[in-house]
Amino acid sequence: MYAYIDRSVAELAPADQLLLSVMRQWVTCMRAGRCPCSAIGPVLHGQGMGDMLPDLNMAMLLVEREGMSQLRFKPPFAAEIGDDEALLLSLHALARAGAQSRVEAVIEQIVKPEARLPLSVAVARIAVAFAR
């Protein structure tokens, strides 16, 4: 998480920029009562990451609906990274690095017990999509 705190979006690696952008768009759409997949689907497909859409949608839905608390996200084009966004970026970075025990520890902080396994699976699949 600390790798992302007090950094600007422009400093992120392209994969993290994409992930942050679609997470912010997902939250903005969902909280406005709009379909998030219709907004982020074209973005992911344009980056050759369309396969990731169902898993990203599931992960975000679990975070939003089964979270221990409501996470705060900045507007889609904000230049700074928020604390909760840093937490999720670090979760995905840990998954891409194969640090499963650390992934599970972060997930325990984020969602209720019944949502932990499905979130872990979705995050692992997102990591695989980024590895391709």
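The structure reproduced in this document is the subject of the present report. Since the model is a prediction, treat every value here as computed from it, not as a measurement.

Here is what the cut-offs are and how they apply
- Residues numbered from 1 in each chain as written.
- Predicted model: local features only at pLDDT ≥ 70, side-chain atom pairs only at ≥ 80, totals over all residues.
- Heavy atoms only, no water.
- Axes fitted to C-alpha atoms, helices over the stretch in contact; angles between N-to-C directions.
- Helix = DSSP H or I, 4+ residues; strand = E, 2+ residues; numbered from the N terminus.
- Parallel < 35°, antiparallel > 145°, perpendicular 65-115°, else oblique.
- Left-handed = near helix turned anticlockwise from the far one by under 90°.
- Contact = heavy atoms within 4.5 Å.
- Nonpolar A, V, L, I, M, F, W, Y, C, P; charged D, E, K, R; others polar.
- Salt bridge = Lys/Arg side-chain N within 4 Å of Asp/Glu carboxyl O.
- Buried < 20%, exposed > 50% of the residue type's maximum accessible area, 1.4 Å probe, protein only.
- Core = buried A, V, L, I, M, F, W, Y, C linked by side-chain atoms within 4.5 Å.
- Expected span 1.5 Å × (residues − 1).

Observations regarding the packing of helix α5 (residues 100-110) against helix α6 (residues 113-131)
(1) Moving on: With their axes 10 Å apart at the nearest point, α5 and α6 run at an angle of 135° to one another. On the basis of their axis angle, the class for α5 and α6 is oblique. Judged by the sense of rotation from one axis to the other, the crossing of α5 with α6 is right-handed. Along the contact surface, α5 presents Q100, E104, I107 and E108, while α6 presents R116, L119 and S120.
(2) Moving on: Partitioning the contact of α5 with α6 into residue classes produces 2 nonpolar, 2 polar and 3 charged.

A closer look at the pattern of salt bridges
(1) Moving on: Counted by the stated rule, this structure contains 5 salt bridges.
(2) Moving on: Put simply, R24 and E85 hold a salt bridge, and the shortest N to O gap is 2.7 Å. Here the residue R24 occupies a position in helix α1 (residues 14-31), and E85 occupies one in helix α4 (residues 83-96), the gap between them amounting to 61 residues. Of the two residues, R24 and E85, both sit in the buried class.

Comments concerning the environment of H92
(1) Moving on: Among the structural elements, H92 can be located in helix α4.
(2) Moving on: In sequence terms H92 and I126 are 34 residues apart; their C-alpha atoms lie 7.8 Å from each other.
(3) Moving on: Beyond its immediate stretch of four places on either side in the chain, H92 contacts L19, V123 and I126.

Topic: the nonpolar core
(1) Moving on: Of all hydrophobic cores here, the largest spans 45 residues; its most connected members are M23, L56 and I110.
(2) Moving on: The element that contributes the greatest number of residues to this core is α6, accounting for 8 residues.
(3) Moving on: When sequence neighbours within four positions are dropped, the list of residues in contact with M23 reads L56, M60, F73, L88 and L89.

Topic: α4
(1) Moving on: Taking 1.5 Å as the rise per residue, α4 with 14 residues should run 20 Å; its terminal C-alpha atoms sit 20 Å apart, in good agreement.
(2) Moving on: The element α4 is largely enclosed, with a buried count of 11 among its 14 residues.
(3) Moving on: Within the sequence span of α4, burial applies to D84, E85, A86, L87, L88, L89, S90, L91, H92, L94 and A95.
(4) Moving on: Contact partners of the buried residues in α4: α1, α3 (53-65), α5 and α6.

Quick notes on the environment of R65
(1) Moving on: Tracing the backbone through its elements, the reader meets R65 in helix α3.
(2) Moving on: C-alpha of R65 to C-alpha of K112: the two residues are 47 residues apart in sequence and 9.6 Å apart in space.
(3) Moving on: Not counting the four nearest positions on each side in its chain, R65 is found in contact with M30 and K112.

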